[in-house]
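Chains, contacts and geometry: an overview
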Amino acid sequence: MFDPSRVNAFAQRETPFYYYDMDLLERTLAAARKSADTLGFHVHYALKANFNDRVLGSIRDTGFGADCVSGNEVRRAIEAGFDPDKIVFAGVGKSDKEITYALSEDIFAFNVESIQELEVIDALAGALEKRARVALRINPNVDAHTHQYITTGLDENKFGIAHWELAEAMETLRGCPHIELVGIHFHVGSQITDLNVFKSLCVKANELNNWFDERGIRLKVLNVGGGLGVDYYEPDKQSIPDFHAYFSVFDEFLERKPGQEVHFELGRALVSQCGSLVSRVLYVKNGIKKNFLIIDAGMTELMRPALYQAYHRIENLTADTGTYGDDTKHYDVVGPICESSDCFGKEVLLPLTRRGDLIAIRTAGAYGEVMASRYNLREEIRYVYSDQP
Ligand SMILES: *Cc1c(COP(=O)(O)O)cnc(C)c1O
């Protein structure tokens, strides 16, 4: 349970800062690990969701691998102690430099997103006298029923190889002596809360797995990506996602051939709920039509609301100490950045709020700190851990 008094213990700190609940993180990772282990599934953590040092350390200690989308993420994973044998590298635009670096570190596999990329990896691997392991990222045309900006598995998206290009991809692979095809990969979107989406993904994955099998190719790995969503509206109701229900869908509907491994790439589900952005109210502007709370955090610290109109629950932590009355008011909670989209929530019902109150923006552990920018020459992002003195 999120404990406002615990956050208030950091009230003397300069705001804004990210607050990481390390206990919740550990329990979330343990739950995911247990459910995955029970079914024999492998998890690669999607580093892009959060690569804060201690968060990453906990994830490495859980024994998960790493799913990276840039050469620097591969480097960060290796520096953090992830086994290169458990690192995968995805992304539509891997540069030659990034591919060469990943090859030199002997990562487990590249998730390849185009036919041309196969040729480039083959040439670069040849130059290094290496053999690259690749999984073909196939766009399964499954609708993730999530925000259009975080849908990735439809024909109109830029990600992956289309199913009608598969024959051509196989033809290309025959001319790539420095590539070993190890599997197929999918990632259909993020913040997916309807498990039927994953069921549809399994149906498509089965068809494709059979397509390869019929051609005498036994894939070692079926990588079904990530995307499991979390509850942004009631973060304390189910602060640990139902990993068992999620993995069970794949156990039930994904057909594995003898020896095939199933890989997952979870990001958001593992780290969202452990993070909150803590900020202080700078000004209260009471108007006729609107009341504004102007806080000292902005889209530069948490970009999700401005980027994809994401909802985050907002709480007044100072009021939660019990010294405030029962009066409430609706506020638009906005940041200091010179952009109209710099708004964390409209018409948010809060206790009567004063200048200096501490505000928590919840469920900010994923795609929060990692997207921080220096726009308006803002300060470097700060963070605290719940277990630090
Ligand atoms: C972002 C990403 C993920 C993780 O997605 P979540 O929704 O955070 O679980 C997994 N795989 C790939 C290829 C990604 O780009």
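Residues numbered from 1 in each chain as written. Predicted model: local features only at pLDDT ≥ 70, side-chain atom pairs only at ≥ 80, totals over all residues. Heavy atoms only, no water.

**Section: helix 7 (residues 166-174)**
Within helix 7, the full set of buried residues consists of Leu166, Ala169, Met170, Thr172 and Leu173. End-on, the buried residues of helix 7 take up no more than an arc of 160 degrees, which puts them together on one face. Where helix 7 is buried, its residues contact helix 6 (115-127), strand 6 (132-139), strand 7 (161-162), strand 8 (179-185) and helix 8 (196-214). (Buried < 20%, exposed > 50% of the residue type's maximum accessible area, 1.4 Å probe, protein only. Helix = DSSP H or I, 4+ residues; strand = E, 2+ residues; numbered from the N terminus. Arc of directions from axis to C-beta. Contact = heavy atoms within 4.5 Å.)

**A few points about the domain arrangement of the protein chain**
Many structure descriptions define interface size as the accessible area lost when the parts assemble. Partitioning the protein chain into structural domains gives domain 1 (4-17 + 274-385) and domain 2 (22-270). The gap between the C-alpha centroids of domain 1 and domain 2 is 33 Å. With 18 residues of domain 1 in contact, the opposing surface of domain 2 contributes 20 residues. Interface area for domain 1 against domain 2, summed over the two sides, is near 1,900 Å², with a carbon-plus-sulfur share of 59%. It is Cys274, Tyr367 and Tyr385 that lose the most area in domain 1 upon contact with domain 2, and together they represent 33% of the buried surface on that side. Asp236 is paired through a salt bridge with Arg362; the nearest N and O atoms lie 2.9 Å apart. The interface formed by domain 1 and domain 2 includes 5 residue pairs in polar contact (both at pLDDT 80 or more). Sort the elements by how many residues they give to the side of domain 1 that touches domain 2 and helix 11 (residues 304-308) lands first, with 3 residues. (Domains from an automatic or database assignment. Buried area = accessible area lost by both parts, 1.4 Å probe. Salt bridge = Lys/Arg side-chain N within 4 Å of Asp/Glu carboxyl O. Polar contact = N/O pair within 3.5 Å; in protein donor to acceptor, adjacent residues only side chain to side chain.)

**Concerning the pairing of strand 1 (residues 17-20)**
Here strand 1 shows no split at all, with Phe17 and Tyr19 on one side and Tyr18 and Tyr20 on the other all buried. Here strand 1 runs beside strand 11 (residues 275-286); their pairing, made up of 4 bridges, is antiparallel. Bridge pairing in strand 11 links Phe17 to Val278. Pairing of strand 1 with strand 17 (residues 383-385), which is carried by 3 bridges, proceeds in the parallel orientation. When the bridges of strand 17 are listed, Tyr19 appears paired with Val384. (Pairing = 2+ DSSP bridges.)

**Observations regarding the pattern of salt bridges**
Across all of its chains, the model carries 23 salt bridges by this definition. With a closest N to O distance of 3.7 Å, Glu14 and Arg382 form a salt bridge. Placement of Glu14 in the loop between helix 1 (4-8) and strand 1 and of Arg382 in the loop between strand 16 (358-361) and strand 17 is noted, with a sequence separation of 368 residues between them. Classification of Arg382 by relative accessible area gives partly exposed; the value is 23%. Measuring nitrogen to oxygen at the nearest pair gives 3.3 Å for the salt bridge that ties Glu347 to Lys290. Of this pair, Glu347 sits in strand 15 (residues 343-351) while Lys290 sits in the loop between strand 11 and strand 12 (291-295); the two residues are 57 residues apart in sequence, bridging distant segments of the chain. By relative accessible area, Lys290 is classed as partly exposed at 29%. One continuous salt-bridge network, built from bridges that share partners, spans Asp236, Arg313, Glu315 and Arg362.

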